[in-house]
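One-letter residues, chain by chain:
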2 protein chains.
Amino acid sequence: MKVVVVGGTHGNELSGIQLLKNWQASPQQLARPGLSVSTLMGNPSAYRANRRYLDVDLNRQFLPELLADDSLANIEQSRAKVINAQIGPKGASQIDLVIDLHNTTSNMGPTLILVDTTPWDYQLAAYVKHHMPEAVILVEDAKPAAEWGYLCTVGKRGVMVEVGPQSQSVLRHDILEQMATMTGLILDFASLEQAGDLPELPGEVEAYRFIDTHYLPMDEQGEPLAMVHKSLEQNDFCELKPGDPAYQYFDGRIGVFDGDRPLHPHFINEAAYYDSHAAFSLAERVTLNVPAR
Amino acid sequence: MKVVVVGGTHGNELSGIQLLKNWQASPQQLARPGLSVSTLMGNPSAYRANRRYLDVDLNRQFLPELLADDSLANIEQSRAKVINAQIGPKGASQIDLVIDLHNTTSNMGPTLILVDTTPWDYQLAAYVKHHMPEAVILVEDAKPAAEWGYLCTVGKRGVMVEVGPQSQSVLRHDILEQMATMTGLILDFASLEQAGDLPELPGEVEAYRFIDTHYLPMDEQGEPLAMVHKSLEQNDFCELKPGDPAYQYFDGRIGVFDGDRPLHPHFINEAAYYDSHAAFSLAERVTLNVPAR
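All values reported here derive from a predicted model rather than from experimental measurement.

Student: So what about the pattern of salt bridges? Which residues, and what values?
Tutor: Under the defined criterion, the tally for this structure stands at 24 salt bridges over all chains. One salt bridge in this structure joins Asp-188 of chain A and Arg-32 of chain A, with 2.6 Å as the shortest N-O distance. Of this pair, Asp-188 of chain A sits in helix α6 (residues 173–195) while Arg-32 of chain A sits in the loop between α1 (14–25) and β2 (36–41), and the two are 156 residues apart along the sequence. Asp-251 of chain B serves as the salt-bridge partner of Arg-253 of chain B, at 3.0 Å between the closest nitrogen and oxygen. The exposure class assigned to Asp-251 of chain B is exposed, which follows from its relative accessible area of 55%. Several salt bridges share partner residues, and in doing so they unite Glu-13, Arg-52, Asp-57 and Arg-60 of chain A into one network.

Here it is as structure tokens:
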């Protein structure tokens, strides 16, 4: 089974980049029975520039229509085509599993992001959560996996590891350890599953399902009128109820959450999304029914 | 008494920038008896680019020899000369007080940085700490105030307000409130002191005095061999004792603090200092004797 672990898809998310360096120095850390594991540095140009990306977000470029359009040739569009040739092509990949490592400035803890809902994905979630109870499972199944532009969708299977809070351009020891632990568990699972040696798994696993992203209130000139209310700060995946404060307007007013049921904000105040004026994403709490082995 | 409040000296430290906008909409928030308060956007080019700076750190350019050298003409060197003409000139300024607003990604809380040790500075420290017990007083008197390149040294007096943790390019409601509160207290003090109406102040105030900055251990190729140990993370101004873990080497070893007495790290893992591989700065705890009014 061929596995590729990607770090540096965003050039200023340093945990994955440092782990690649560590693993190149100690490849045995990635070795698992039945797996052939290699590493890939996602966006070395952005890393050298100490930036998330230079032209466009690399982790949104892996859509078939973008990959097929040769007129799209900026730095990340070109890099995506090379990666697609190297570990894809998307839809017909020779790589069985792509694990893409990310950091967030939000307090999301160690989060496993699934973009598919196959039995394999749910079994993986159960295995990771069982061995790492602090792990958060986030399912992004608002559309089929193939329709996401994420790098991890280039493989036959793909998942993302998203750990925070960590400021851009910084390495945090605790965050790096969480990322290494979660990545190791994914490799353990892939090895065991491949060999038919999976242990008995819990029949259910708690998770969050992405619904949508909320944006800051803006004025007519495109300037934010408010910031995220302090009651949300650092409280990713806590419950936000209708009527709870969500925004603090700069003129002193408070904006409340106008949803019709309690939901769970995450990517709260994520620095990378600031240009788009995203305030937070919302998820619903769900229970995944884990198929038997 | 003429006061200038500066935000955006670093273009991705958004609290001061947002406060300038708020105060321009509600100038009465800055008004104090006896004070003429204006605002200045430090580095609008860097703000538009969502970066700390474009060519060099603006907050290191306010040295007489740099300001006098017309051959130094990059974006921040030029901007420094304009600011020096506008609210200086350094050493002969018409501005009585410059308050420069900064954010840090480190967990330093609301910190008042003094670059001088006059009775006025110590009385200010006592006043701020009395009204805002969570405030931290940090004295940077390793050299005379005039020999720092900080923007705030352009005025007859200058102080910095440094509040964190806040990721670059993000606004945190709680951090913004702390910055507004501390800035308001500095203006209150300046107004009362100017009028001879200062209340009785505590005779002593707890503070930290900057000693030096420690850097990550590096290899011969200039790459870090370690990261800051997780026991320090988020623990700015806590005590670090000789023999305590300070660094986690990527090969698994732990590097201990080799000082000869307990000291207090701050600017721990500051994102803006990552290019220089600074790990943290160290301060000693001191008690400032506050002169009577």
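Student: Requested: an account of the side chain of Thr-9 of chain B, with residues and values cited.
Tutor: Residues and elements named next belong to chain B. The residue Thr-9 is located in the loop between β1 (2–7) and α1 (14–25) in this model. The exposure class of Thr-9 is buried, given its relative accessible area of 0%. Engagement of the side chain of Thr-9 in a polar contact is seen with the side chain of Asp-100, the distance being 2.8 Å. Each residue touching Thr-9, except ones within four places of it in the same chain, is listed here: Gly-42, Asn-43, Arg-52, Leu-58, Asn-59, Asp-100, His-102 and Leu-151.

Student: Could you give an account of the layout of surface pockets, naming the residues involved and the relevant values?
Tutor: Its volume calculated, the second largest pocket comes out at about 560 Å³. Lining the second largest pocket we find 25 residues, and of these Gln-18, Lys-21 and Tyr-47 of chain A together with Glu-223 and Pro-224 of chain B sit closest to its centre. Counting residues per element, the ones that place at least two in the lining of the second largest pocket are α1 and α2 (44–48) of chain A. For the lining of the second largest pocket, the element with the highest residue contribution is α1 of chain A, accounting for six residues.

Student: An account of the domain arrangement of chain A is requested, with residue identities and associated values reported.
Tutor: All names here are of chain A. Per the domain assignment, the segments making up chain A are domain 1 (2–206) and domain 2 (214–275). For domain 1 versus domain 2, the distance between C-alpha centres works out to 28 Å. Facing 13 residues of domain 1, the contacting portion of domain 2 comprises eleven residues. Taking both sides of the interface into account, the surface hidden between domain 1 and domain 2 amounts to around 1,000 Å²; carbon and sulfur atoms contribute 53%. Seen at the junction of domain 1 and domain 2, the total is zero salt bridges. On inspection of domain 1 and its partner domain 2, the count reaches six residue pairs in polar contact (both at pLDDT 80 or more).

Student: Hey, could you go over the packing of α1 of chain B against helix α6 (residues 173–195) of chain B for me, with residue numbers and the actual values?
Tutor: Residue and element names in this part refer to chain B. Running from N to C, α1 and α6 cross one another at 65°; their axes reach a closest spacing of 10 Å. The element α1 and its partner α6 pack so that their crossing is right-handed. Within the contact between the two elements, α1 uses Ser-15, Gly-16, Gln-18, Leu-19, Asn-22 and Trp-23 and α6 uses Ile-175, Leu-176, Met-179, Ala-180 and Thr-183. Partitioning the contact of α1 with α6 into residue classes produces six nonpolar, five polar and no charged.

Student: With reference to specific residues and values, describe the pairing of strand β12 (residues 278–289) of chain A.
Tutor: The side chains of a regular strand alternate, residue by residue, between the two faces of the sheet. Residue and element names in this part refer to chain A. Relative to β12, strand β7 (residues 204–215) runs antiparallel, the two sharing eleven bridges. Each residue of the ladder has a partner; that of Phe-210, found in β12, is Ala-283. Here strand β11 (residues 264–266) runs beside β12; their pairing, made up of three bridges, is antiparallel. By the bridge assignment, His-266 is partnered in β12 with Ser-281.

Student: Would you mind going over helix α5 (residues 119–131) of chain A in detail, with residue names and values included?
Tutor: Between its first and last C-alpha atoms α5 of chain A spans 18 Å; for 13 residues at 1.5 Å apiece the expected length is 18 Å, and the two agree. Those residues of α5 of chain A that fall on the buried side of the exposure criterion are Trp-120, Asp-121, Tyr-122, Gln-123, Leu-124, Ala-125, Ala-126, Tyr-127 and Val-128 of chain A.

Rules used in this analysis
Residues numbered from 1 in each chain as written. Chains lettered and ligands numbered in written order. Predicted model: local features only at pLDDT ≥ 70, side-chain atom pairs only at ≥ 80, totals over all residues. Heavy atoms only, no water. Salt bridge = Lys/Arg side-chain N within 4 Å of Asp/Glu carboxyl O. Helix = DSSP H or I, 4+ residues; strand = E, 2+ residues; numbered from the N terminus. Buried < 20%, exposed > 50% of the residue type's maximum accessible area, 1.4 Å probe, protein only. Polar contact = N/O pair within 3.5 Å; in protein donor to acceptor, adjacent residues only side chain to side chain. Contact = heavy atoms within 4.5 Å. 1 Å grid on protein atoms, 1.4 Å probe; cavity = no way out; pocket = protein on both sides within 12 Å on 5 of 7 lines; lining within 4 Å. Points joined across faces, edges and corners; volume = space filled by probe spheres on them. Domains from an automatic or database assignment. Buried area = accessible area lost by both parts, 1.4 Å probe. Axes fitted to C-alpha atoms, helices over the stretch in contact; angles between N-to-C directions. Left-handed = near helix turned anticlockwise from the far one by under 90°. Nonpolar A, V, L, I, M, F, W, Y, C, P; charged D, E, K, R; others polar. Pairing = 2+ DSSP bridges. Expected span 1.5 Å × (residues − 1).

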